Each structure stands twice: as structure tokens, then as C-alpha cells.
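One-letter residues, chain by chain:
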Amino acid sequence: MPAGQVNHNGVGPTAAMVPTYPPPESETEESWVWAQIKAEAHRDADSEPALASFLYATVLSHPSLARSLAFHLANKLCSSTLLSTLLYDLFLHSFSSSPSLISAVVADLLAVRHRDPACASFSHCLLNYKGFLAVQAHRVSHHLWTQNRRPLALALQSRIADVFAVDIHPAARIGKGILLDHATGVVVGETAVIGNNVSILHHVTLGGTGKAVGDRHPKIGDGVLIGAGATILGNIRIGEGAKIGAGSVVLIDVPPRTTAVGNPARLVGGKDKPARHDDLPSESMDHTSFIQEWSDYII
């Protein structure tokens, strides 16, 4: 199958190939993705009339991705005392005043669509993927934090945790091209840093080791894959392109392009000459290729 295309119909090689990256002739990534989202929403409204009003309100009535996302997040995160109109203005102003936020939104949409075989469409990700939505709401809370609007940033963090079951401190710094797959139970501490093109599964914790203040949370390099249920504690560094096995408890630095697994986690191949991989695990989403080598090592 050509790179950048995904067969989501599961009916063999004759099925239509769905592009997951903009073609070279597209004007911008944002305009291409937004056009895809609108086309998908039209298609879904025609095929499922029960969703027509919802799709019109969230996608088809809006002139831009920023307005659609701001409207959707506002309605997801509002409460009886935190009104949707207030949140809509807050999200839209943040997206409009900081173009890097929308650039990150587009990169995240492309990442989810490309890496998750269960993602049926860009519109499905935009409307239904709570990991994607939690990350975009966090981007706004972080924007508020950097503007010293910290009470509002913390209030938004609380709503994100309540609604999406994802708890990311507004001071945490997150790159773009992020996939939170399933996302339930993800916890990211205040001084954590997550690089670009990182894939994280559910019930992952990037935490501290006690109540000490200061820089106390993990630093995750570009292209890292963190398996479900992994716990990474302390101000340690997970190198570029590293892989953390599901259920691992990581208390040590992990060199680039290596795999750590176990409780406590150890490097596959041993700490002196750890095995290295050439692929970028966050892109391949390969969770199991290390198992045979790990079995040989522990025997």
C-alpha cells in the first residue's frame, strides 16, 4: 500500500484508498484538511440523517477549522457556571491570536488519521476522539498559563479532566503531531515536556517522584511511543525514537532508538549495549517487535 494512504474499509486491495496526507498540489495543510472534514461531514449527514443537525452545527455552518473546533470544544467543556459562549470566545481568540495552535491542530489530525487504523475520517477524529480534543483544549490552557491567566488555565484543566478523563497540567509543554490513543487515564505533570510526533496510549503517567518542587517530570523526545499503562517518573529523559513497553515503570533515562520494558524497566539488550531500532516507533505503532529479543535477554 502506498505511503500516506490507509485502507479503512477492510475489504482487500480493491478497496478505495483514503489519503491521510495532503497531496503536493494542495494550497496548505489546513485548507486541505478542512476541505476533507467538510466533505466527510456532508457525506455522513446524507447517509445518516440522525446526525445531520449535529454535523451542521459543529462543522458545516462554520467557515474555518478554528471556528468549528472552538464551537465543539466549548460545547463539550461547558458547565452551568462555565458558559459555552464564554468558552467559544476564549478558544477562538486563542486560535486566532496564535497561529501555531492551529498548525498543531492540523498536525495532530494528520497524525491520528495516519497512525490509528480505527480512525475512519478526519471529521471522526475532530468530533469524537477525546484524546485529540483533550490535547487541543490543553493547548489553549497552556496558552493561558503562559499569559499568566493561571486561575482560568487551571479551571480549564479541571474541566478537561472531568469530561475527557485526561489530566494534563497547563504548564506542561506538548509538541505537535501528537496521538493520544484511547487517552483514558493519561496524566501529565506540571514540568513534563513532550516532543513532536509522539504516540501515547491510555493510562500513561508522566509523573514526579514525591512532593519536591522544581523541574521534576519526564522529558519525552520526538518520535517516542509509550505503551498502555506505562508509568514514567521523575526528571528523566526518554530519547528520540525510543519505545516504552506497555505496563512498564521507567525510573531511568532511556537512550534514543532503544526500548525499555518491565517493572522496573530495563533496556532491551542490556544497559551496556542496548538493542537499537531504525524505525520511528511513534509512526509504526509497533508495540511487540522487541518481545523475542527481550525474552532472549531475560533468559
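The structure we're discussing is the one just above.
Keep in mind that what you see is a predicted model, and the values were worked out from it rather than measured. (Residues numbered from 1 in each chain as written. Predicted model: local features only at pLDDT ≥ 70, side-chain atom pairs only at ≥ 80, totals over all residues. Heavy atoms only, no water.)

Student: Tell me about the sheet that holds strand β4 (residues 173–174), and please be specific about residues and values.
Tutor: With parallel pairing, four strands are arranged side by side in an open sheet as β4-β7-β10-β13. Each edge of the sheet is formed by a strand with only one pairing partner; in this case those strands are β4 and β13 (237–238). Note that strand β10 (residues 219–220) and β13 share two bridges and pair parallel. Directly across from Lys219, in β13, lies its bridge partner Arg237. (Pairing = 2+ DSSP bridges. Helix = DSSP H or I, 4+ residues; strand = E, 2+ residues; numbered from the N terminus.)

Student: Mind laying out the layout of surface pockets, listing which residues take part and the relevant values?
Tutor: Here the largest pocket defines a volume of roughly 200 Å³. Around the largest pocket, the lining residues are Ser98, Ser100, Leu101, Ala104, His138, Arg139, His142, His143, Ala172, Arg173 and Ile174. Listed by contribution, the elements that provide at least two residues to the lining of the largest pocket are α5 (99–115), α7 (130–146) and β4. Tallying contributions element by element places α7 first for the lining of the largest pocket, with four residues. In the lining of the largest pocket, the residues fall into four nonpolar, five polar and two charged. (1 Å grid on protein atoms, 1.4 Å probe; cavity = no way out; pocket = protein on both sides within 12 Å on 5 of 7 lines; lining within 4 Å. Points joined across faces, edges and corners; volume = space filled by probe spheres on them. Nonpolar A, V, L, I, M, F, W, Y, C, P; charged D, E, K, R; others polar.)

Student: So what's going on with the state of the cysteines? Residues and values would help.
Tutor: The bond known as a disulfide is covalent and runs between the sulfur atoms of two cysteines. What the rule picks out here adds up to zero disulfides. Unpaired in this structure, Cys125 has its nearest cysteine sulfur neighbour in Cys119, at a distance of 4.9 Å. (Disulfide = S-S within 2.5 Å.)

Student: Give a description of the environment of His182 that names residues and reports values.
Tutor: Mapped onto the secondary structure, His182 falls in the loop between β5 (179–181) and β6 (187–188). Sequence spacing of His182 and Tyr129 is 53 residues, and the spatial spacing of their C-alpha atoms is 7.8 Å. Each residue touching His182, except ones within four places of it in the same chain, is listed here: Lys130 and His202. (Contact = heavy atoms within 4.5 Å.)

Student: A description of unusual backbone geometry should follow, citing residues and the corresponding values.
Tutor: Backbone phi values are negative for most residues with the exception of glycine, while trans is the configuration of most peptide bonds. Across the junction of Asn263 and Pro264, the peptide omega takes the value -5 degrees, indicating a cis bond. Looking at the element boundaries, Pro264 is found in the loop between β16 (259–262) and β17 (265–267). Of note, Asn197 is a non-glycine position whose phi angle comes to about 55 degrees, a positive value. Secondary-structure assignment places Asn197 in the loop between β7 (193–194) and β8 (199–201).

Student: How would you summarise the packing of helix α3 (residues 65–77) against α7 if you had to cite specific residues and measurements?
Tutor: Where α3 meets α7, the axes come as close as 11 Å, and the angle between the chain directions of the two elements is 100 degrees. Taken together, α3 and α7 sit at an angle that is classed as roughly perpendicular. Where α3 abuts α7, its residues Leu69, His72, Leu73, Lys76 and Leu77 lie against Phe132, Leu133, Gln136 and Ala137. Its residues placed into classes, the contact of α3 with α7 shows six nonpolar, two polar and one charged. (Axes fitted to C-alpha atoms, helices over the stretch in contact; angles between N-to-C directions. Parallel < 35°, antiparallel > 145°, perpendicular 65-115°, else oblique.)

Student: Can you break down empty space enclosed by the protein residue by residue, with the values?
Tutor: Going through the model one piece at a time under the given rule, you end up with one cavity of 30 Å³ or more. Of the voids in this model, the largest cavity is the one considered here, and its volume is about 40 Å³. For the largest cavity, the full set of lining residues is Val135, Ile168, Ile174, Ile178, Leu180, Val186, Val188, Ile194 and Ile200. Residue composition of the lining of the largest cavity, grouped by class: nine nonpolar, no polar and no charged.

Student: Talk me through the sheet that holds strand β12 (residues 231–233); I want residue IDs and the actual numbers.
Tutor: Two strands in a sheet stick together by hydrogen bonds in their backbones, pointing the same way (parallel) or opposite ways (antiparallel). Here five strands make up an open sheet; going across it, the order is β3-β6-β9-β12-β15 and the pairing parallel. Strand pairing shows two members of the sheet lacking a second neighbour, β3 (167–168) and β15 (249–250), which therefore form its edges. Looking at chain direction, β12 and β15 are connected through two bridges and run parallel. Each residue of the ladder has a partner; that of Thr231, found in β15, is Val249.

Student: Got a sec to walk through the side chain of Gln136? Specific residues and values, please.
Tutor: Note on placement: Gln136 falls in helix α7. When its relative accessible area of 0% is taken as the criterion, Gln136 is described as buried. What Gln136 contacts, discounting residues up to four positions off in sequence, is Leu69, Leu73, Val105 and Asp108. (Buried < 20%, exposed > 50% of the residue type's maximum accessible area, 1.4 Å probe, protein only.)

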